[in-house]
Amino acid sequence: MTIPFGNPNRPNSYIGKTVPRPNAARLVEGRGRYVDDMILPRMVHVVYVRSPMAHARITGIDTAEALAVKGVLRVFTGADIAKVCTPWVAVLAHLKGLKSPPEHAIAVDRACWVGEPVAAVVATTRAAAEDGAALVDVDYDPLPVTGDMMTALDADTPVLHADMGDNLAFRRLHEEGDVDAVMASAHKVVSARFKTARHTGVTLEPRSILVDWNAPEGQLTAWHATQAPHMMQTVLAEHLGLPEGRVRVICGDVGGSYGIKVHVYPDEVATAAIAKIMGRPVKFIADRLESFTTDIHARDHEIAGRIAVAEDGEILAFDIDDWTAIGAYSVYPRTSAIEGNQVVNLCGGPYDFKDYRAQTTVVFQNKTPTCQYRAVGHPIAVAVTEGLVDMAAAELGMDPVAIRRRNMYADDCYPVTSPAKMRFEGLSHHASMDKLVALMDYDALRADQAEARKKGIHRGIGIASFIELTNPSPFMYGIGGARISAQDGCTVRMDPDGSLVALSGVTEQGQGTEAMLSQIVAEGVGVPPAQVRIITGDTQVTPYGGGTWASRGAGIGGEAALQAALALKAAILEVAAAMLQAQAGALDIRDGQVVDADTGQDRLSLAELGRIVYFRGDTLPKGLPRELVQTRHFITSEYPFAFTNGVQASYLEVDTDTGIVTLLKHWCVEDCGRIINPQLVDEQIRGGIVQGLGGALFEEIHYDAEGQLLNGSMADYLVPMAGEMPDMIIGHVETPTLESALGAKGAGEAGTAGAPAAVMNAINDALRPLGAQVTEMPFTPERILRALGRIED
Amino acid sequence: MKASAGGYARASDLRHALDLLGQAGDAGRVLVGGQSLIAAMNMRLSTGDMLVDISRISGLAGVTQQDGRLRIGALTRHADLGGDPLVGRHAPLLAQAVGHIAHAAIRNRGTIGGALAHADPAAEFPACVLALDATMHLEGPDGARDVAVGDFFIDVFETAIAEGEILTAISLPVAEPAEVQILKEVARRSGDYALAGLCLVRRAAGVRLSALGVGSVPVLAQGAMAALDAGDIDAAVTALRAELDPQSDTQASGGYRKHIAGVLLRRIWDEIGGTA
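**Q** So what's going on with the sheet that holds strand β13 (residues 282-285) of chain A? Which residues, and what values?
**A** All names here are of chain A. Taking strand neighbours across the sheet as the criterion, the seven strands line up as β3-β5-β1-β13-β10-β11-β12 in an open arrangement whose pairing is mixed. Looking at strand neighbours, the two that pair on one side only are β3 (72-77) and β12 (247-250), the edges of this open sheet. Geometrically, the sheet is characterised by an average inter-axis angle of 20° between neighbouring strands, direction not taken into account. Sheet topology places strand β1 (residues 44-50) next to strand β5 (residues 117-123); six bridges connect them, and they run antiparallel. Of the residues in β5, the one forming a bridge with His45 is Ala123. Contacts from helix α4 (residues 126-135) reach β1, β3 and β5 within the one sheet, and its direction differs from that of β1 by about 30°. Contacting β11 (219-224) and β12, helix α6 (residues 229-240) runs over the sheet at an angle of about 145° to β12.

**Q** Mind laying out the domain arrangement of chain B, listing which residues take part and the relevant values?
**A** Residue and element names in this part refer to chain B. Each assigned domain of chain B is listed here: domain 1 (7-53), domain 2 (63-172) and domain 3 (180-271). Placing the centre of domain 1 and that of domain 2 at their C-alpha centroids yields a distance of 19 Å. With twelve residues of domain 1 at the contact, the number on the domain 2 side is 16 residues. Among the elements that make up the side of domain 1 that touches domain 2, the one with the highest residue count is helix α1 (residues 14-24) (five residues).

**Q** Which residues make up the sheet that holds strand β10 (residues 166-173) of chain B, and what are the values?
**A** Through backbone hydrogen bonds, the strands of a sheet pair up, either in parallel or in antiparallel fashion. All names here are of chain B. Pairing is antiparallel across the open sheet formed by five strands, whose spatial order is β4-β5-β10-β6-β7. Two strands bound the open sheet, and with one partner strand each, they are β4 (63-66) and β7 (143-148). The sheet shows a mean angle of 25° between the axes of neighbouring strands, taken without regard to direction.

**Q** Any details on the environment of Val147 of chain B? Residues and values, ideally.
**A** Residue and element names in this part refer to chain B. With respect to the element layout, Val147 can be found in strand β7. Looking at Val147, the number of C-beta atoms within 10 Å reads 19, which means it is partly exposed. If we ignore the near neighbours within four places in the chain, the residues touching Val147 are Met136, Leu138, Phe152 and Ala160.

**Q** Provide a residue-level description of the packing of helix α15 (residues 553-580) of chain A against helix α16 (residues 606-615) of chain A, including the pertinent values.
**A** All names here are of chain A. Running from N to C, α15 and α16 cross one another at 85°; their axes reach a closest spacing of 11 Å. On the basis of the axis angle, α15 is roughly perpendicular to α16. Here Ile572, Val575, Ala576 and Met579 of α15 come into contact with α16, specifically with Leu609, Ile612 and Val613. When the residues that make up the contact of α15 with α16 are grouped by side-chain class, the tally is seven nonpolar, no polar and no charged.

**Q** Which residues make up unusual backbone geometry, and what are the values?
**A** Residue and element names in this part refer to chain A. Backbone torsion omega between Tyr332 and Pro333 reads -15°, so that peptide bond is classified as cis. For the peptide bond that leads from Met777 to Pro778, omega is -10°, which places it in the cis range. For Asp109, which is not glycine, the phi dihedral falls at a positive 75°. Counting through the fold element by element, Asp109 comes out in the loop between α3 (78-82) and β4 (110-111). You can call Asp109 exposed: it has 10 C-beta atoms within 10 Å. Positive phi, close to 70°, is recorded for Lys421, a residue that is not glycine. Within the secondary structure layout, Lys421 lies in the loop between β18 (416-417) and β19 (423-424). By C-beta crowding, Lys421 is classed as exposed, having 12 other C-beta atoms within 10 Å.

Rules behind the numbers
Residues numbered from 1 in each chain as written. Chains lettered and ligands numbered in written order. Predicted model: local features only at pLDDT ≥ 70, side-chain atom pairs only at ≥ 80, totals over all residues. Pairing = 2+ DSSP bridges. Helix = DSSP H or I, 4+ residues; strand = E, 2+ residues; numbered from the N terminus. Axes fitted to C-alpha atoms, helices over the stretch in contact; angles between N-to-C directions. Contact = placed C-beta atoms within 7 Å. Domains from an automatic or database assignment. Buried ≥ 20, exposed ≤ 12 C-beta atoms within 10 Å, placed from the backbone. Parallel < 35°, antiparallel > 145°, perpendicular 65-115°, else oblique. Nonpolar A, V, L, I, M, F, W, Y, C, P; charged D, E, K, R; others polar.

Set out below in structure tokens:
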């Protein structure tokens, strides 16, 4: 069975339409159920004592005063937890050479970053646990701090983990062609240094976990704000020494993730260990201050880049030297080498060129660990690539749109393999650029810019093309040995009243997974979306799957849902055909009714069919299959990743006296293949753009030389807010993937991937007549004024 | 984190509040809008506080005009101040400031008395009342006393309010016919504490210029004021930058803040017509 997507008037045409989100009213009315809303009998609260030093030997822990606090029940040290919980090592076999030392749930003997847990205080209330935590007396013997990225490998820099030999976690060099020869003979070579600031994904709901160990049942149950329940099931089972089948992870409502909640955090695993020791439910909710020091950080990169171009604007070569510092440990189990690896994979992505060299160098330091955060590596690769392309265009006196059109892969050249050895099934760079230029009225904007400049107003236009990696196959993690599933499954069943329940392995983080699944199932079976209930996030209930990451929910989970729905439809029609003494092929299901496919005439309601199957099965033919429940799993097989593409533009104004940037407008044209829910896709892209704008203008985690985090609060760490956000115009080109019947690719990273580059190029477009250029994010007012040479000190 | 308060009592009148504060000793903290105090308590930056809630005391909120002065009760909320017609006529500087203070939820709860007693040098109201040459009215166990604004701000979060005293009101002269009041600031985001800001009040007697976000207290820029009275904007900018010594932090360096102060002064000067 297939769906004629080309016909918008087909029956049950919910795929491709904006339909209401089934969970929206519940969440808006405050009826969501987050981990912190859960209260269990005998539940206790845990608070972690965290290292105030970036690197120190722990020489003693005195818990007596803490234990004397009313309500405090137990205090645990790293050694206590290590008795029931094994440490982990975050490496993957396919990231050759990646190394990281064993990491404990609570530090044993040595703390390696400010915020690392060094003890846990369990009490009957959170407040009592905090009172106790303040009284745990830890003796520290300071050790040398490794902070700076670029000197981490120098001979005189202290080695953070002696067993590792040096501070190098991972290095990968990719070479294609002869970059040196091309650079030596090219018409122009442009080089620049770029920095992207260390930042973090600030989720509305902080990290949260509630774990109960039911000893007589032999089962551990974790209610967890996570993107990957099945991955967590494996991790908790392995490190607590339990059979996987005796660990149940339940993920209810989640208040935003952005990649922050797809990792294994020491304090969360320690909470599970404490529950197992105490035999009672233990709740841990990260507060906002500890979120800044313990949620994963990301994007801390310094990049030297070169581009070689011919006189006519042809891009000949890119040469990229990327450095990133990942904190004290590679993060389990996805590792902290992926971001740098993505930079190598993605630089130059939209362009048809031949000679490519890229290296990433990943080093340890005494800071909070970094790992995958929304659009992993993309904003960095896109900023470097698009920054260099704009600089080359300026050198050549070319228009930024023209140089991109000169070099982007032709829309009819696919399939094609990039110099980074990424395989593209089908992209639409030129169609997307054409649409963008029309949407923004590029020529009119250039005229407006010129007019403004005459009045001393400095406006700039920035363009950023990009590719986006979605729908990952086992090539992302599975081949490296991680038990992280790239396949996903969905079970769809019909109950006696004709309503449907769909159970999916992908999860809802607030982004609309349930809406997307409900409309796919509704169309696949032939009922209104309101007749479909979606259940996600329970490892003992849903089919096994990977969860939500790398923009896989719609492309992988959606296809599994579609196939399960179509299978259920076939099963229903087989029963209906027997009841109606008709051919199944002559029947269809529309709006919850079995109908004649040709005439659309009602023959039988699903409720009546359900009544017969479940209560009067005696009236049906013996041997008639009557499983009104079907499960299908889906995995991609042709391509390691489904690449998508898009292009963004920013129009902004720079106040050259204060350095303040005012965003005037932003555009994005994106191709995520089949669009299931236009509103959800548009808002994903808008939200992603906002996060990208945060990286471009506001977000930066500061540390001092001693490894102290300096701005760990919402007053000091600036997230983008509504007042500074521009209107965003979103457009689409649809190039469905042929790997699935649904044809959907991912849309979650696009906004974040391209926005920083678009803003950087727009600022530099505004500053170029003044001879200034900025390449260090975020582009603070001060950095812009210093680039302009306006500050006297 | 969970706050660790020492205790809470709601005062029924001013006398009661002063008694409660007296009993609490140095742990006593006056609570009204709570927009700084509760945040500090929730981060356990302040623990064991004996909270004396004066928010229900009648007569301490609102704006009145009497004897050629405008009197603003300490419990007047930012949002009310911003829409008050007397403030709009005689102290538009304060109304302008309200638009820069945080966000609507905070402006609905925060009070001017709380903001002044908190004495955050990056906040708008302290610099405003300094430029407006206000008088601060205090009540203590031994009675009432007035403090000139020039003597009020002592250091970061430190004022002339003695232990056991409560700031009950401020007063300032009603506006002269040709009086000019203007506030300009630069902030990273709408509602953020300013990287630097200036308040200028021009009266017949001369210009008063104060700066926020550039020191441990709001700064009265007397050198710049003299230059502006002489009509010399270049000299005023030079003098202003010389009399400021802002700290550097993660948002901006001291050098940037000094630069911005000069930029803002030129912009204000252009806006008000550029003559003394």
